[in-house]
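Chain by chain, the residues:
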Amino acid sequence: MENWKTVYQSRLVTADEAVTHIPNNSRVLIGHAANQPPALVEAMCRNYRQYENVELVHWVTLFGSEYCAPEMQGHLRFNGLFISGSNRKAVAQNLADFTPTYFGQCPRYFRDGTLPIDAVLISVTPPDEHGFCSLGVSVGGTLPATQVAKVVIAQVNRNLPRTYGDSHIHVSKIDYLVEADTPLPTMESGPVGEVEAAIGRNCASLIEDGSTLQLGIGSIPDAVLKSLTDKKDLGIHSEMIADGVIDLYEKGIINGAKKTIHKGKIVVAFLMGSQRLYDFVHNNPDVEVLPVDHVNDPWVIGQNRKMVSINSCLQVDFNGQVNSESMGIQQFSGVGGQLDYIRGSFLSPGGKAILAMPSTAKKGTLSRIVPVFEAGTTVTTPRTDTHYIVTEYGIANLRGKSLRERAKLLIGIAHPKFHEELWAAYKERYGEDENFLSHS
Ligand code: COA
């Protein structure tokens, strides 16, 4: 092979030149979360008039979504595989699209032509002595996309941590390289409020020593981790991690000692958090960042004994259907890996699937436990998959329960100020039932 250093030099270009190689009528995948290469995305937006009908796809973003601006329509259009704060309004206004997908299945879609990727824009570390760059904080679906895209363009960023796992791409596989040391976007976790702390304690009561954990997105996972300081031998097998895992790792509570696959390792598809998290994973062989079609595969997840998935949700109806991604008809986020981890936990001996939420929303004015969903609401987790629902008021184990039992258990963990109206809805559906014997 030609010396990689020569290859590297010959492919170095400016951002404006690199993005001229993106063809019209194409689909471009942008690196996920903190792997997004801002220098390249900004160059595309700056030069948007040079494109016709280019679709931009990505999952979570920690950046603005300038490409959703009305003047870019016809040139650039965003099609979200997950919706974030900066593009939610654009989707609601039909200036952008949303495509429902399981995160873990996306690499297969890229490979089998369901969602062909023409070009991919990624962030990488500078090459090591063998010419390998690392995708660092997010390998997930981004690395698999580089393996099928016709054009691979990388921003080489010295601020990106170098991670272990399957996070590497050789310089020879990158068509254009742009050097730009932009700061990594961070996601600071806020203080844990009383409600989240109570939810954290309730979740912790379900977690046994030796469990392997998956932690989802939102404010609850950090609260759960803060309640685990008296546990032993926990492991992590999770689509993502944020800052919360560091303290438990440093105390030796997260050590992966009882994991049945990837023993001893923290296994993730991506991570996002503060600079402390990025420093923690840099060159840390205890953290493996791997492609999401492996990490989120329910059959892989289920090989962990005592697998406990902990995800957040927005609403639960009396039947135990769970909405984690829409406000009525408006798309709010996406499914990510929620259902894969719920199913993986089901396959795991001793596994548990927890869905947690505060009992109310909108400053306490709305109950999140509702008799029925508003028309158009997305069901993220079907009632047949739901296991534990947790609020600050307790735990409802819905598995194997009748619809009537489910409704009762859920009212039991709703906010007390909504009990009267929820019981009224219950009675309207099921009638008076003083004699009904619950087996829960
Ligand atoms: N009706 C109206 N508004 C609601 C609502 C409801 N039923 N439920 C929540 N809201 C509001 C909240 O009040 C809050 O508004 P505020 O910020 O003005 O207070 C906002 O919506 C966000 O709710 P919150 O519960 O704080 O969200 P979160 O940041 O904790 O994220 C999910 C929760 C469910 C959106 C997020 O976990 C998600 O997208 N999950 C799906 C994907 C997934 O689980 N992946 C797992 C693998 S990573």
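Worth saying up front: this structure is predicted, and the values here are computed from it rather than measured.

**Student:** Describe unusual backbone geometry, with residues and values.
**Tutor:** Although it is not a glycine, Asn94 adopts a positive phi angle of roughly 60°. On the secondary structure map, Asn94 appears in the loop between helix H4 (88–92) and strand E4 (97–98).

**Student:** Any details on the nonpolar core? Residues and values, ideally.
**Tutor:** If you look at the biggest cluster of nonpolar residues, it comprises 81 residues, and the most contacted ones within it are Ile169, Leu228, Val245 and Leu271. The residue makeup of this core includes at least three contributed by each of domain 1 (4–179) and domain 2 (194–430). Membership of the second largest hydrophobic core comes to 33 residues, among which are Ala15, Val28, Leu40 and Leu56.

**Student:** How would you explain the domain arrangement of the protein chain if you had to name every residue and give the values?
**Tutor:** Domains assigned within the protein chain are domain 1 (4–179) and domain 2 (194–430). Listed by partner, the interface residues are 32 residues for domain 1 and 32 residues for domain 2. Of the roughly 2,600 Å² buried between domain 1 and domain 2, counting both surfaces, carbon and sulfur atoms make up 67%. Seen at the junction of domain 1 and domain 2, the total is one salt bridge. Across the salt bridge formed by Arg111 and Asp293, the nearest N and O atoms sit 2.9 Å from each other. Of all the secondary-structure elements, those providing two or more residues to the side of domain 1 that touches domain 2 are H4, helix H5 (106–112), helix H6 (142–146) and strand E8 (164–165). Per element, the largest residue contribution to the side of domain 1 that touches domain 2 is three residues, and it comes from H4. Among the residues forming the side of domain 1 that touches domain 2, the class breakdown is 18 nonpolar, ten polar and four charged.

**Student:** Please give an account of helix H7 (residues 194–204) that cites residues and values.
**Tutor:** Within H7, burial applies to Glu196, Ala198, Ile199, Gly200, Asn202, Cys203 and Ala204. Against helix H8 (220–226), strand E15 (307–312), strand E20 (352–356), strand E24 (388–391) and strand E25 (394–397) lie the buried residues of H7.

**Student:** Provide a residue-level description of the site of the ligand, including the pertinent values.
**Tutor:** Taken together, the neighbourhood of the ligand is formed by 25 residues, with Ile217, Ser333, Gly334, Gln338 and Arg368 sitting nearest. Residue Leu314 places a main-chain N or O atom 3.4 Å away from a nitrogen atom belonging to the ligand. Gln338 places a polar side-chain atom, nitrogen or oxygen, 2.8 Å from an oxygen atom of the ligand. Taking 970 Å² as the accessible area of the ligand by itself, protein coverage stands at 75%. The set of elements that each furnish at least two residues to the shell around the ligand consists of strand E12 (235–241) and E15. For the shell around the ligand, the residue count by class is ten nonpolar, twelve polar and three charged.

**Student:** Can you tell me about helix H14 (residues 403–412), naming the residues and giving the values?
**Tutor:** By the burial criterion, the buried members of H14 are Glu405, Arg406, Ala407, Lys408, Leu410 and Ile411. Where the residues of H14 are buried, they touch strand E16 (315–317), strand E23 (369–370), E24, E25 and helix H15 (419–430).

**Student:** Can you explain the environment of Asn284? Please cite residues and give values.
**Tutor:** Residue position: Asn284 is located in the loop between helix H10 (275–281) and strand E14 (287–289). The exposure class assigned to Asn284 is buried, which follows from its relative accessible area of 10%. Spatially, the C-alpha atoms of Asn284 and Thr163 are 6.7 Å apart, while their sequence positions differ by 121 residues. Discounting residues that sit within four places of it in the chain, Asn284 has contacts with Tyr164 and Tyr249.

**Student:** Describe the packing of aromatic side chains, naming the residues involved and giving the relevant values.
**Tutor:** Two aromatic rings, taken as a pair, are described by how far apart their centres are and by the angle between their planes. Under the defined criterion, the tally for this structure stands at seven aromatic pairs. Residues Tyr67 and Phe78 carry aromatic rings whose centres are separated by 5.8 Å and whose planes lie at 50° to one another, so their mutual orientation is tilted. On the criterion of sequence distance, the pair formed by Tyr67 in the loop between strand E2 (54–58) and strand E3 (76–80) and Phe78 in strand E3 is long-range, its members being eleven residues apart. Across the pair, exposure class does not vary: Tyr67 and Phe78 are buried alike. Taken together, the ring pairs in this structure connect Trp59, Phe103, Phe110 and Phe270 into an aromatic cluster. Arg88 extends its terminal NZ or CZ atom over the ring of Phe332, reaching a point 3.7 Å from the ring centre.

Cut-offs applied
Residues numbered from 1 in each chain as written. Predicted model: local features only at pLDDT ≥ 70, side-chain atom pairs only at ≥ 80, totals over all residues. Heavy atoms only, no water. Helix = DSSP H or I, 4+ residues; strand = E, 2+ residues; numbered from the N terminus. Core = buried A, V, L, I, M, F, W, Y, C linked by side-chain atoms within 4.5 Å. Buried < 20%, exposed > 50% of the residue type's maximum accessible area, 1.4 Å probe, protein only. Domains from an automatic or database assignment. Contact = heavy atoms within 4.5 Å. Buried area = accessible area lost by both parts, 1.4 Å probe. Salt bridge = Lys/Arg side-chain N within 4 Å of Asp/Glu carboxyl O. Nonpolar A, V, L, I, M, F, W, Y, C, P; charged D, E, K, R; others polar. Near = heavy atom within 4 Å. Polar contact = N/O pair within 3.5 Å; in protein donor to acceptor, adjacent residues only side chain to side chain. Areas by Shrake-Rupley, 256 points an atom, 1.4 Å probe, with all protein chains shown as cover. Phe/Tyr/Trp six-rings, centres within 6.5 Å; stacked < 30°, edge-to-face > 60°. Lys NZ or Arg CZ within 6 Å of the ring centre and 35° of its normal.

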